[in-house]
Amino acid sequence: MLRVKLSIFCIFCGLFLFNACRQDMADQPSYRPLQPSNFFADGQASRPLVQGTVARGQLRDDVHLYTGKKEGQLVTTFPFTVDKTVVKRGQERFNIYCAPCHGQTGSGNGMIVQRGFKKAASYYDKEVREKSVGHYFDVITNGFGAMAGYSAQVNVRDRWAIIAYIRALQESQSGNVEPLPIETMTDFAPSGVVDPKKQNPLSGSTPKVEKKTEEKSESGGH
Amino acid sequence: MAQIFPKNFNNLAKISIIVTALVVAIGGGVFNLIVIRSSYLTQAQVAIEQPIQFSHKHHVGGLGLDCRYCHTSVEDSAFAGIPPTRTCMNCHSQVWVTSPMLEPVRSSFETGKGLTWQRVHNLADFAYFNHSIHVNKGVGCSSCHGKVDQMPLMWKENTLQMEWCLQCHRNPEKVLRPKEEIFNMEWEPPADQEVKGRELAKQYNIPSKELLTSCSTCHR
């Protein structure tokens, strides 16, 4: 009798040991992003938005900002003021999303192109330079030629920031240093050669300090 | 009738109690120190089988793609984002188009049925985690995920156990980086990390250690 009691006790204790194996708290019935689900026919827990859904504050009423067009025409201006923060943001986003193909300098020879993708156009080709900012926005949004649209990866404001940076890149290759502020100009000269107080060795004329690079990009299409 | 147990069995009984206690204590210690933390249980550093043998080593280390090219929502959402097949096709519409290895990608793109990637970092549901707050406040990708640019197949570098989370939550200054280094896989803490980290903690407005290690910070 004692033996029976003892073995029941042991089994009971043993059950306690295995208690910890239940993971109900760790695996709750709620869904995590992109988790599969048997409930829906497509097998996905994440549901597509019902058509026409507008999140608060995301009504796309700013046609200029969201489409790069005005009355069906590609715009030549930016939808918001472009300052240094915007250009910097554009540089960061450009290096993430564009540089793989277009290259960090925008010459169209990025790593993916080196691995066999169709060569991207150089931003410095006359034809490409002369396109309006609206055209660039349209290309980033909807794609162009072999390039896929990036609307899913880059939000609208970032797309405009990238365009601002592309304009800055194009300006950097124009050979025109006149609009640069003197403190920026010294960045492009060999160190020790330039004394910003004396003269500007790059343009040979008195620099117009009050003008800034950002203003150049703000004006949009050239 | 003679006694079954001679008198010296009293000592043996005492010793056996002590020995049993020791075995339980040591066994429990070993279990805690080794078994619970073993990669067999935590699956840390164990590559997970995926529908395609996607190599971060090739795409990040070799081609130099930024983490955010695919994990687009890491900066402004709790979930870093798994790229849709469309993102693969940005390049693979033209690169390696006949590769049999990429057949699942192409058929997924054609049918619109997503690839079933297996989750590598599966935090328990009772722990709250948000990517954006970490990458916006100085915690770099490689601090938690390891050198992903050197991983041919994906595994989780760390256990994701609570004690591992707390290492940083107790001493955030040891890992904090400047904003521009967050996505840099090569970043190593500088010699004066303690000083720099404290400055960064102030700059990022990192809350007090009491709040960072408070239960409800992670268990909401």
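Coordinates for the structure precede this section.
For clarity, every value in this text was computed on a predicted model and none was experimentally measured.

Visitor: Looking at this model, I keep getting lost on the nonpolar core. Mind explaining?
Guide: The tendency in soluble globular proteins is for nonpolar side chains to be buried side by side. In terms of nonpolar packing, the biggest core is built from 30 residues, with F78, F94, Y97, Y123, W160, I162 and I163 of chain A touching the most fellow members. Elements supplying a minimum of two residues to this core: α3 (84-102), α6 (133-142) and α7 (156-172) of chain A. Tallying contributions element by element places α7 of chain A first for this core, with nine residues. The residues contacting I163 of chain A, other than those within four sequence positions of it, are F78, V133, Y136, F137 and I140 of chain A. Core analysis: the second largest hydrophobic core is formed by twelve residues, V74, C141, V148 and I182 of chain B among them.

Visitor: Sorry if this is basic, but what is going on with the interface of chain B and chain A here?
Guide: By convention, interface size is frequently given as the accessible area that disappears when the constituent parts associate. Between chain B and chain A, the contact holds 25 residues from the first and 25 residues from the second. Summing both partners gives a buried area of about 2,300 Å² for chain B against chain A, and 52% of it is carried by carbon and sulfur. On the chain B side of the interface with chain A, the three residues burying the most area are Y69, Q94 and D125 of chain B, jointly 25% of the side's total. Counting every contact that joins chain B to chain A gives three salt bridges. Across the salt bridge formed by R32 of chain A and D125 of chain B, the nearest N and O atoms sit 2.5 Å from each other. Scanning the region where chain B abuts chain A turns up twelve residue pairs in polar contact (both at pLDDT 80 or more). Mapped by element, the contributors of at least two residues to the side of chain B that touches chain A are α3 (56-62), α4 (67-70) and α5 (85-92) of chain B. Residue contributions to the side of chain B that touches chain A peak at four residues, all from α5 of chain B.

The rules we used
Residues numbered from 1 in each chain as written. Chains lettered and ligands numbered in written order. Predicted model: local features only at pLDDT ≥ 70, side-chain atom pairs only at ≥ 80, totals over all residues. Heavy atoms only, no water. Core = buried A, V, L, I, M, F, W, Y, C linked by side-chain atoms within 4.5 Å. Buried < 20%, exposed > 50% of the residue type's maximum accessible area, 1.4 Å probe, protein only. Helix = DSSP H or I, 4+ residues; strand = E, 2+ residues; numbered from the N terminus. Contact = heavy atoms within 4.5 Å. Buried area = accessible area lost by both parts, 1.4 Å probe. Salt bridge = Lys/Arg side-chain N within 4 Å of Asp/Glu carboxyl O. Polar contact = N/O pair within 3.5 Å; in protein donor to acceptor, adjacent residues only side chain to side chain.

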